[in-house]
Amino acid sequence: MVRIPLGDYVEIFIDWLTDNFAGFFEGIKNALEATINGFEWVFSTIPFILMVLIFAAIAWKVAGRQTGIFTGLGLWLIGSMELWNATMQTFALVSTATAIALIIGIPLGIWMSRSNTLDKILRPVLDFMQTMPAFVYLIPAVYFFDLGPVPGAVATVIFAMPPVVRLTSLGIRQVPKEVIEASRSFGSTSSQLLYKVQIPLAMPTILAGLNQTILLSLSMVVISAMIGSGGLGDVVLKGITQMRIGLGFEGGLAVVILAMVLDRITQNLGQKRA
Amino acid sequence: MSKVEVKNVYKIFGPTPQNILPLLEKGTTKNEILKKTGHSVGVNNASFSVEQGEMFVVMGLSGSGKSTLIRCLNRLIEPTAGQVLIDGQDIVGCDKNTLIEIRRKKMAMVFQNFALLPHRTIIDNVAFGLEIQGKNQEERKEKAQQALELVGLKGYEESMPTELSGGMQQRVGLARALATDADILLMDEAFSALDPLIRKEMQDELLSLQVKMQKTIIFITHDLDEALKIGDRIAIMKDGVIVQIGTPEEILENPANEYVREFVQDVNRARVVTAASIMKRADTLVSSKEGVRVAVRKMKEESISSIFVVNKERQLEGIITIDDATEQIKNRKENIEKILNRDVQTVSPDTLIEELIPMVLNSRYPLVVVDENRKVLGIIFKASVLAGIIGEEDSDG
Ligand SMILES: Nc1ncnc2c1ncn2[C@@H]1O[C@H](COP(=O)(O)OP(=O)(O)OP(=O)(O)O)[C@@H](O)[C@H]1O
Ligand SMILES: [Mg+2]
């Protein structure tokens, strides 16, 4: 049987990229680093108690009293396990990855909703991005961006972006045809149609995409810690490598609490508007 | 100049519509074209014009091309060929910005499933067209408010569309169209999604709004009763072709072909045919000036037992009977005023047979058809009502 050296081709391509776009990757790296550090600085400068109260208040407001109380208690528990700083590092990474996924994903989703050709091309690409074992992204990420939080963020964006693209496109395509016709019949331009009708009506679906993206980002926490992203992933890794079951459990519990808090809040954002 | 003029409009769906045009001109049918070329004919050579203030109804069975035709008028669907003139300006050839201007200023559309924006309050829905035009908040609010009041939804400004019943939602749809002050309303099966009672109510309301506003309305329906009730003129479509255009009565009286005849044969004529088309000419009237003797002579000539009395403007005064008249002549006290019975049942020319039936049954005399100044237009006998229902009235009305 003939062996097709696909792996070699990928290596050649990656080499070519690093040779020719070193400056480009350097720029991205710096920008990402600055963003992550910025988030981290903000999250860790705000005092623990205040941060817990802010989260609890937001959760209470969008998702009701129960979720608000749960959020307050959960975050307080994280603090009492002395994992607050690690949690805020992780939250900074997740925030950065999610923000980038939205900035790229929403316009891409809008474009995809308008073009059947692009839709046909992107669908398999998105499936690929999401089903490829996430570890695989670590290699090129490290290759281009060294170790640290930046390659972690990049791998996370690639893995976590598909839902936002897909659901933005789906949400826009689901806007009833008559409503689009109505808007056009009153003389909307295409941007009026987009901003006054399509995006608002697609918003619950787009927010569902945001929710999935955040959860997928959190699922990358441990994986990206393997390339030095730090945060809660690091705590879990330490638990594994040093056989410290208690530490591993606490780190894992903190990830779960953060995930539940972010999930409940974003989920209810979507439902409020529906 | 007509408000809307449609000239030889075609719409063919498929990859190469232009190639299909010659086939249609040769008379190939929609079915053959679909089989041979896979193209679907939506509209086939439609031409008509609609005057300012007219209510023009397009009706036909499902798939006959009504929705396609009405969407060609504002180019929600791009016609394959032909012209659509709005106030004399061809919109098929015009550029994008002109089209947007025309959509904003000249026409507004009402949709079968209301097509409201679910995330906006009622008032913001109604103001949508104005917002698109870039009108400021104050003006939007004021005009939207007026339009809401016009359709009887005052007090619902801050409700959300899902909180309203279907009928109310369609009032919102109508208000949204009225708020822009467009002269032309395009209504695609606007009442078809409503249940029958609400539907009838909306029809009545549209008619009474139309009296006030005199819009040019193009109204699509697949329901003949609705078409006959609200249409000034009706176009009947089949397979993309307009097979007949006429007033409701013309279409009932002279169906252009078998298709139309089948359509109209089940119509309840009592709900369509009006007093104007079954009334007899009022030949035998007597002027109050002419006096009792002339009246008696006329009655004898026509061998009738009573006669209507009018003044010199032909306005109805009342009726006198031959018995009372001959009595007066015998007593040499001729005075038409004394024997004049002013209690005569009158009707307007657009009264439906349905409404005439109880009147004609309860009245001792024939009914008199009068215009708004009580001028006599014609007379309706019991027999003419009956003939009108079964469709055999002769045409001297
Ligand atoms: N986008 C389209 N692509 C292909 N064919 C179409 C398209 N839209 C309409 N048609 C065809 O054009 C014809 C007319 O359709 P149209 O929707 O105008 O009918 P209609 O009279 O409004 O019917 P209904 O009462 O069901 O609304 C139909 O044969 C339909 O299959
Ligand atoms: Mg239709």
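Rules behind the numbers
Residues numbered from 1 in each chain as written. Chains lettered and ligands numbered in written order. Predicted model: local features only at pLDDT ≥ 70, side-chain atom pairs only at ≥ 80, totals over all residues. Heavy atoms only, no water. Helix = DSSP H or I, 4+ residues; strand = E, 2+ residues; numbered from the N terminus. Buried < 20%, exposed > 50% of the residue type's maximum accessible area, 1.4 Å probe, protein only. Contact = heavy atoms within 4.5 Å. Areas by Shrake-Rupley, 256 points an atom, 1.4 Å probe, with all protein chains shown as cover. Salt bridge = Lys/Arg side-chain N within 4 Å of Asp/Glu carboxyl O. Polar contact = N/O pair within 3.5 Å; in protein donor to acceptor, adjacent residues only side chain to side chain. Nonpolar A, V, L, I, M, F, W, Y, C, P; charged D, E, K, R; others polar. Domains from an automatic or database assignment. Near = heavy atom within 4 Å.

Draft legend 1. How the structure looks around the overall build of chain B. A count of helices and strands for chain B gives 18 helices and 16 strands. Each of the three principal axes of chain B carries a C-alpha extent, and together these read 90 × 55 × 35 Å. Out of the 397 residues in chain B, the part that is buried amounts to 53%. The contacts of chain B with a sequence gap of at least 6 include a subset with a gap of at least 24, amounting to 63%. Split by element, the accessible area of chain B, about 18400 Å² in all, is 47% carbon and sulfur.

Draft legend 2. Spotlight on the interface of chain B and chain A. Counting residues at the interface gives 27 residues for chain B, matched by 16 residues for chain A. At the junction of chain B and chain A, the tally comes to two salt bridges. Residue Glu131 of chain B is joined to Lys196 of chain A by a salt bridge in which the shortest nitrogen-to-oxygen separation is 2.7 Å. The interface formed by chain B and chain A holds eight residue pairs in polar contact (both at pLDDT 80 or more) in total. At the level of secondary structure, the elements contributing two or more residues to the side of chain B that touches chain A comprise helix 4 (96-105), strand 6 (107-110), helix 6 (128-132) and helix 8 (166-179) of chain B. Ranked by residue count, the leading element in the side of chain B that touches chain A is helix 6 of chain B, at four residues. Broken down by class, the residue content of the side of chain B that touches chain A amounts to 14 nonpolar, six polar and seven charged.

Draft legend 3. Representation of the domain arrangement of chain B within the structure. Domain annotation for chain B reports domain 1 (51-77 + 92-269) and domain 2 (276-390). Measuring from the centre of the C-alpha atoms in domain 1 of chain B to the corresponding centre in domain 2 of chain B gives 42 Å.

Draft legend 4. View of the site of ligand 1. Residue and element names in this part refer to chain B. As a matter of local geometry, ligand 1 sits amid 14 residues, with Ser62, Gly63, Lys66, Ser67 and Thr68 nearest to it. At a separation of 3.3 Å, an oxygen atom of ligand 1 approaches a polar side-chain atom of Glu189. Within the complex, 61% of the 630 Å² of free accessible area of ligand 1 lies under protein. For the shell around ligand 1, the secondary-structure elements that each account for two or more residues are strand 2 (40-50) and helix 3 (66-73).

Draft legend 5. Quick look at the environment of Leu356 of chain B. Residues and elements named next belong to chain B. Mapped onto the elements, Leu356 comes out in helix 17 (residues 353-362). Exposure remark for Leu356: the relative accessible area of 0% places this residue in the buried category. Taking C-alpha positions, Leu356 is 53 Å from Asp95, a pair spaced 261 residues apart along the chain. Excluding residues within four positions of it along the chain, Leu356 makes contact with Ala275, Ile278, Val347, Thr351, Leu367 and Ile380.

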